[in-house]
Each structure stands twice: as C-alpha cells, then as structure tokens.
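The lines below spell out each chain.
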Amino acid sequence: MALAEKVGISPPRFDSVIRNGRMDCGFYQTFMRWTLEGDRDAHKFTIANAFKDLTYLESMAGAAGIANPLGNATKNAFAGAHATGPAEQFVPMLATHIGKVNGVDLMPMKDGKKQTI
C-alpha cells in the first residue's frame, strides 16, 4: 500500500485492480476495510499476535532446515511495527504504520474525518 501510494496509485485504485481477481480473498477484504473505510474492527487480530505467530513460523522453518525468505520478511515488517509502538493495533493497520515510516499518509477517512490510531 505504501509503495502504491508513493507512485501515485491510491488505495481505492489499488483495490479496483485486486478486487474480484485471483488475489481477492476474505483476508484481503477485511484488511482493506481499514484502509478504504476506516473500519478498525474489520480484522481483530493484533500486530503483536501476528508477530508472535511469525516467530513460530521462523522457528519451525529453522528447525526443518529450510529457507523462509517471505515468512522472515513478513515477520520483520511486523517486528518493526511491534518495536515502535502499534503492537496492540490490528493487523490491517500495519499498512498505515509502514506508510508512516516511509513518509506516506495511509490514514483512512471515516465519515469525512481522518482516523487516528
């Protein structure tokens, strides 16, 4: 989301490309409800819990002796958010955090007002 916004692709435009395509799924839809509608309760799973689960994945991959580049990259994104404060926010808010770190405002609007987290 941060990259798309940075290069001029708005969240609604991004969604119009993904929605109803092969990448569309329940997780994507609840994730995007925060970004598009400011629905903070669309996906109630905290960044802290996701980070914890991804550390389990990393440990399992390590024990099995296999490379886990995508899992580790994902874990590192959650680790950054976890370490800098929004650990108790919900997973969809990770996009807002990554946007902020990169100087991109992905804070959604709801009822005509910018949301806060």
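Look above for the structure.
Residues numbered from 1 in each chain as written. Predicted model: local features only at pLDDT ≥ 70, side-chain atom pairs only at ≥ 80, totals over all residues. Heavy atoms only, no water.

*Asks:* Before we move on, can you summarise helix α2 (residues 11-18) with the specific residues and values?
*Replies:* Of the residues making up α2, those classed as buried are P11, D15 and I18. Viewed along the axis of α2, the buried residues span an arc of 65°, placing them on a single side of the element. In α2, the exposed positions angled more than 90 degrees off the buried face are occupied by P12, R13 and V17. In this fold, the buried residues of α2 make contact with α1 (2-6) and α3 (26-37). N20 sits one or two positions beyond α2 and adopts a positive phi of about 70°. (Buried < 20%, exposed > 50% of the residue type's maximum accessible area, 1.4 Å probe, protein only. Helix = DSSP H or I, 4+ residues; strand = E, 2+ residues; numbered from the N terminus. Arc of directions from axis to C-beta. Contact = heavy atoms within 4.5 Å.)

*Asks:* Which residues make up the packing of α2 against α3, and what values do they have?
*Replies:* Contact geometry of α2 with α3 gives a least axis separation of 10 Å together with a crossing angle of 160°. Taken together, α2 and α3 sit at an angle that is classed as roughly antiparallel. Taken as a pair, α2 and α3 cross one another with a handedness that is left-handed. Between α2, through P11, P12, F14, D15 and I18, and α3, the contact on the second element is made entirely by Y28, M32, T35 and L36. Of the residues contributing to the contact of α2 with α3, the split by class is seven nonpolar, one polar and one charged. (Axes fitted to C-alpha atoms, helices over the stretch in contact; angles between N-to-C directions. Parallel < 35°, antiparallel > 145°, perpendicular 65-115°, else oblique. Left-handed = near helix turned anticlockwise from the far one by under 90°. Nonpolar A, V, L, I, M, F, W, Y, C, P; charged D, E, K, R; others polar.)

*Asks:* Hey, could you go over the environment of I98 for me, with residue numbers and the actual values?
*Replies:* Within the secondary structure, I98 sits in helix α6 (residues 94-101). Residue classification places I98 among the partly exposed positions, given a relative accessible area of 32%. Spatially, the C-alpha atoms of I98 and F78 are 9.5 Å apart, while their sequence positions differ by 20 residues. Here I98 is in contact with A2 and A77, once residues within four sequence places are set aside.

*Asks:* Please give an account of helix α5 (residues 69-84) that cites residues and values.
*Replies:* The terminal C-alpha atoms of α5, which comprises 16 residues, lie 23 Å apart, in line with the 22 Å expected from a rise of 1.5 Å per residue. Within the sequence span of α5, burial applies to G71, K75, F78 and A81. Seen from one end, α5 has its buried residues packed into an arc of 120°, which puts them on one side. Those residues of α5 that are exposed and aimed more than 90 degrees away from the buried face are P69, A83 and T84. For α5, the elements touching its buried residues are α4 (47-64) and α6. (Expected span 1.5 Å × (residues − 1).)

*Asks:* Tell me about the pattern of salt bridges, and name the residues and values.
*Replies:* Going through the model one piece at a time under the given rule, you end up with five salt bridges. When the shortest N-O distance is used, the salt bridge between D15 and R19 registers 3.0 Å. Its relative accessible area of 27% is what places R19 among the partly exposed residues. In this structure, D105 and K114 form a salt bridge, with 3.0 Å as the shortest nitrogen-oxygen distance. (Salt bridge = Lys/Arg side-chain N within 4 Å of Asp/Glu carboxyl O.)

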